[in-house]
Amino acid sequence: MNYMRDIEKYLLQFKGESIYYIPNPGNAGDSLIAAATYQTFDRLGLDYHLPNPMFFDATGKIVIYGGGGNLTCATSFSSRVISKLHFQAKKLVILPQTIRRCDILLEQLGDNVDVICRERESYQYVKGFVNSSNLFLMDDMAFGLNVGQLLSAKSSLNFYSEMAVYVFQKVVKSKNSVSLKPILKLLEEKKIDDILSAYIVDDVLNCFRIDGEGTDINIPIDNVDLSEVLAFGVENKRMSYFVTSKVLCFLNEFSEIHTNRLHMAVGGALLGKKVKFHSNNYYKCWSVFEYSIGSRY
């Protein structure tokens, strides 16, 4: 089945144009989204660039903001970036998102902004603010991951080479330089690999979130919140492929996955695993399950 048929058809309108892609920041789940987005752009032959959103002047440009679940309040990073971009850009596209509690931002959006929701709850909410011609409902980008490519490549990054690229970008292309934080985290890679290896003792992986979106479920003693452990960043294709490859390789060690992390469930489904998918503390997991997972897996 082609999950990406709708989004690919939509994105083809930008073929031959210069587009500027800003990934939605976050944890390893957001890396899966970003990796799938890069794969989709490459598959379609799009000409895309990665600006630094803190310095980016979007005036007259086509800007694509990455999918995810960060548009859930007025003060989120996504809300703040989009608040600036939509006034400047010739065209702004928000890839499949879960959206809530953003009334003021949505009221400001003009006809130069297309909003794509990844489940029906968000779609019905945004429908009250955005013209129907600018509103779409499509699957989360991660469903379009080419899992085979990422498993076979087993992406790796070298701290010293990434640091060299960082320094070069700072000196020569300062406006396009990435953050130092994900590069520094590469120094912990061996330690992280050792920690994760200790969990591969059973066929069942418990991968429940331990942050503010968690519920009152009893967290198993052998739980590992993989999305946080492998939160290296999404700032370029190399980093996104690196993280996604690590996530998929680790999930592939198990036959069954128990989780309330949306993209650990998606990764498990794409790998053909048995997944027991629990809710988070609002409708996101259930709504994506209902729209994209329940009838297909």
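Here, every reference points to the structure presented above.
All residue numbers refer to position in the chain's written sequence, counted from 1. Residue-level local features of this predicted model are given only where pLDDT is at least 70; pairs of side-chain atoms are given and counted only at 80 or more, and the full residue set underlies all totals for whole chains, interfaces and linings. Hydrogens and waters are ignored; side-chain quantities use all the structure's heavy atoms.

**Student:** I'm lost on helix α13 (residues 284–293) in this one. Help?
**Tutor:** Buried residues are those whose accessible area, probed at 1.4 Å on protein chains only, stays under 20% of the maximum for their type, while exposed residues exceed 50% and partly exposed ones sit between those limits. Secondary structure elements are defined from DSSP: runs of H or I of at least 4 residues count as helices, runs of E of at least 2 residues count as strands, and each element is numbered from the N terminus. Counting buried positions along α13 gives seven out of 10 residues, so the element sits mostly inside the fold. For α13, the full list of buried residues reads Lys284, Cys285, Ser287, Val288, Tyr291, Ser292 and Ile293. Residues count as neighbours in contact if any of their non-hydrogen atoms are within 4.5 Å of one another. Those residues of α13 hidden inside the fold are in contact with β5 (91–99), α5 (120–126), β7 (135–137), α12 (262–270) and β10 (274–277).

**Student:** Can you walk me through the environment of Val63 in this structure?
**Tutor:** Within the fold, Val63 resides in strand β3 (residues 62–65). Sequence separation of Val63 and His86 is 23 residues, and the distance between their C-alpha atoms is 9.0 Å. Once residues lying within four places of it in the same chain are set aside, the contact partners of Val63 are Tyr20, Ile22, Phe56, Ala58, Leu85, Ala89, Lys91, Leu92 and Val93.

**Student:** Hey, could you run me through the nonpolar core in this one?
**Tutor:** Side chains of a nonpolar character, in soluble globular proteins, are inclined to be buried together. Working definition of a nonpolar core: buried Ala, Val, Leu, Ile, Met, Phe, Trp, Tyr and Cys residues. They are joined through side-chain atoms within 4.5 Å. Grouped together as the largest cluster of nonpolar side chains are 60 residues, with contacts concentrated most on Leu11, Ile64, Leu95, Leu226, Leu230 and Val247. Residue contributions to this core peak at nine residues, all from helix α2 (residues 28–44). What Leu230 contacts, discounting residues up to four positions off in sequence, is Ala28, Lys185, Ile192, Leu196, Val243, Lys246 and Val247. In this structure, Tyr20, Leu92, Leu105 and Tyr125 belong to the second largest nonpolar core, which totals 25 residues.

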